[in-house]
Amino acid sequence: AQSVAQPEDQVNVAEGNPLTVKCTYSVSGNPYLFWYVQYPNRGLQFLLKYITGDNLVKGSYGFEAEFNKSQTSFHLKKPSALVSDSALYFCAVRAITSGTALIFGKGTTLSVSS
Amino acid sequence: DAGVIQSPRHEVTEMGQEVTLRCKPISGHNSLFWYRQTMMRGLELLIYFNNNVPIDDSGMPEDRFSAKMPNASFSTLKIQPSEPRDSAVYFCASSTSTGITEAFFGQGTRLTVV
């Protein structure tokens, strides 16, 4: 069965500092990996995805994520955080070999202070 | 494209009443997903459809929940009878059926059962 773990319920960072939101996954076979962001009272918005190829993928709003197969991780990063990045972030996995549904982690609240 | 459209945005109902949530996926998308978001359990997959056919409904909590997709442009999630523990935000999402594509989410329906 597919699963995603986001070990931190909340990440706090000062504006201008780098940020990392952690994600590990478990899936049979090769994964497709995704990051989404949710602002209050809104739906989820797609940020970036890893399908194949370069382990470092770049996405919207200056975010990037690094796929590490040996550690089964897909951590979200940004070199310099903005207060407007404060939101709820979800990691998701979709197994190549079993259907098309995305399975999400519980989410990590990112709080960026000015 | 207007994106995934869900209605209503908010629903308050009394315990025991029937509730119907509606979703219009993005035109051309042939996979549709229903998710439920709560503080305790995060974002749970309830059911998903490919080409209007239910593929996996193992996430549906119990027989009180049912979902239909009578055509490519419309889906419903029904709860009958509703209970207070069903209070949550319900999201509909759609994507193409290829695994590499991200899912696009609606704004959600916030259901409160009193």
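As a reminder, the structure under discussion sits directly above these lines.
Owing to the predicted nature of the structure, the values given are computational and were not obtained by experimental measurement. (Residues numbered from 1 in each chain as written. Chains lettered and ligands numbered in written order. Predicted model: local features only at pLDDT ≥ 70, side-chain atom pairs only at ≥ 80, totals over all residues. Heavy atoms only, no water.)

### Some words on the overall build of chain B
In terms of regular secondary structure, chain B is built from 0 helices and 11 strands. Starting at the N terminus and walking to the C terminus, you meet the elements of chain B as β-β-β-β-β-β-β-β-β-β-β. Here chain B has a C-alpha radius of gyration of 13 Å; the compact-globule value for 114 residues is 13 Å, and the two agree. Referenced to the eigenvectors of the C-alpha coordinate spread, the extents of chain B come out at roughly 40 × 25 × 25 Å. For chain B, the proportion of its 114 residues judged to be buried stands at 48%. Accessible surface, chain B as shown: approximately 5500 Å² in total, 52% of it carbon and sulfur. (Helix = DSSP H or I, 4+ residues; strand = E, 2+ residues; numbered from the N terminus. Rg over C-alpha atoms; globule rule 2.2 N^0.38 Å. Buried < 20%, exposed > 50% of the residue type's maximum accessible area, 1.4 Å probe, protein only. Areas by Shrake-Rupley, 256 points an atom, 1.4 Å probe, with all protein chains shown as cover.)

### Side note on the nonpolar core
The biggest cluster of nonpolar side chains holds 28 residues, and the ones touching the most others in it are Trp 35, Leu 47, Leu 48, Phe 74, Leu 76 and Tyr 89 of chain A. Elements with a contribution of two residues or more to this core: β2 (10-14), β3 (19-21), β5 (31-38), β6 (44-50), β8 (64-68), β9 (73-78), β10 (87-95) and β12 (108-113) of chain A. It is β10 of chain A that provides the largest number of residues to this core, a total of 5 residues. Beyond its immediate sequence surroundings of up to four residues, Tyr 89 of chain A is in contact with Gln 6, Trp 35, Tyr 36, Val 37, Leu 47, Phe 63, Leu 76, Gly 107, Thr 108 and Leu 110 of chain A. Membership of the second largest hydrophobic core comes to 21 residues, among which are Leu 21, Ile 26, Phe 49 and Ala 67 of chain B. (Core = buried A, V, L, I, M, F, W, Y, C linked by side-chain atoms within 4.5 Å. Contact = heavy atoms within 4.5 Å.)

### Remarks on the state of the cysteines
Under the criterion given, the structure shown has 2 disulfides over all chains. A sulfur-sulfur distance of 2.0 Å marks the disulfide that ties Cys 23 of chain A to Cys 91 of chain A. Where Cys 23 of chain A bonds to Cys 91 of chain A through sulfur, the torsion about that S-S bond is close to -60 degrees, and the disulfide is left-handed. On the criterion of sequence distance, the pair formed by Cys 23 of chain A in the loop between β3 and β4 (24-26) and Cys 91 of chain A in strand β10 is long-range, its members being 68 residues apart. The exposure classification of Cys 23 of chain A matches that of Cys 91 of chain A, with both residues buried. For Cys 23 of chain B, the disulfide goes to Cys 92 of chain B, at an S-S distance of 1.9 Å. Residues Cys 23 of chain B and Cys 92 of chain B are joined by a disulfide whose S-S torsion is about -65 degrees; by sign, that bridge is left-handed. Separated by 69 residues along the polypeptide, Cys 23 of chain B in strand β3 (residues 19-24) and Cys 92 of chain B in strand β9 (residues 88-95) bring together distant segments of the chain. (Disulfide = S-S within 2.5 Å.)

### Structural notes on the pattern of salt bridges
Residue and element names in this part refer to chain B. A complete count under the given rule lists 12 salt bridges over all chains for this structure. A salt bridge links Lys 78 to Glu 18; the nearest nitrogen and oxygen atoms lie 3.8 Å apart. With Lys 78 in strand β8 (residues 74-79) and Glu 18 in the loop between β2 (10-13) and β3, this pair connects stretches of sequence that are 60 residues apart. On the accessibility criterion, Lys 78 (30% relative accessible area) is partly exposed. A relative accessible area of 45% means that Glu 18 is categorised as partly exposed. Linking Arg 64 and Asp 86 is a salt bridge whose minimum nitrogen-to-oxygen distance equals 2.7 Å. In this pair, Arg 64 sits in the loop between β6 (53-56) and β7 (65-71) while Asp 86 sits in the loop between β8 and β9, placing the two residues 22 residues apart along the sequence. The exposure class assigned to Arg 64 is buried, which follows from its relative accessible area of 11%. (Salt bridge = Lys/Arg side-chain N within 4 Å of Asp/Glu carboxyl O.)

### Let's talk about the packing of aromatic side chains
Inspection of the entire model under this criterion finds 13 aromatic pairs over all chains. Aromatic side chains Tyr 25 of chain A and Phe 67 of chain A sit 6.2 Å apart centroid to centroid with 25 degrees between the ring planes, which places their arrangement in the stacked category. Of this pair, Tyr 25 of chain A sits in strand β4 while Phe 67 of chain A sits in strand β8, and the two are 42 residues apart along the sequence. Phe 67 of chain A shares its class with Tyr 25 of chain A; the two are buried. Where Phe 33 of chain B meets Tyr 35 of chain B, the ring centres are 6.3 Å apart and the plane angle is 35 degrees; that geometry is what we call tilted. Classification of Phe 33 of chain B by relative accessible area gives buried; the value is 1%. Taking relative accessible area as the criterion, Tyr 35 of chain B reaches 1% and is therefore assigned buried. (Phe/Tyr/Trp six-rings, centres within 6.5 Å; stacked < 30°, edge-to-face > 60°.)

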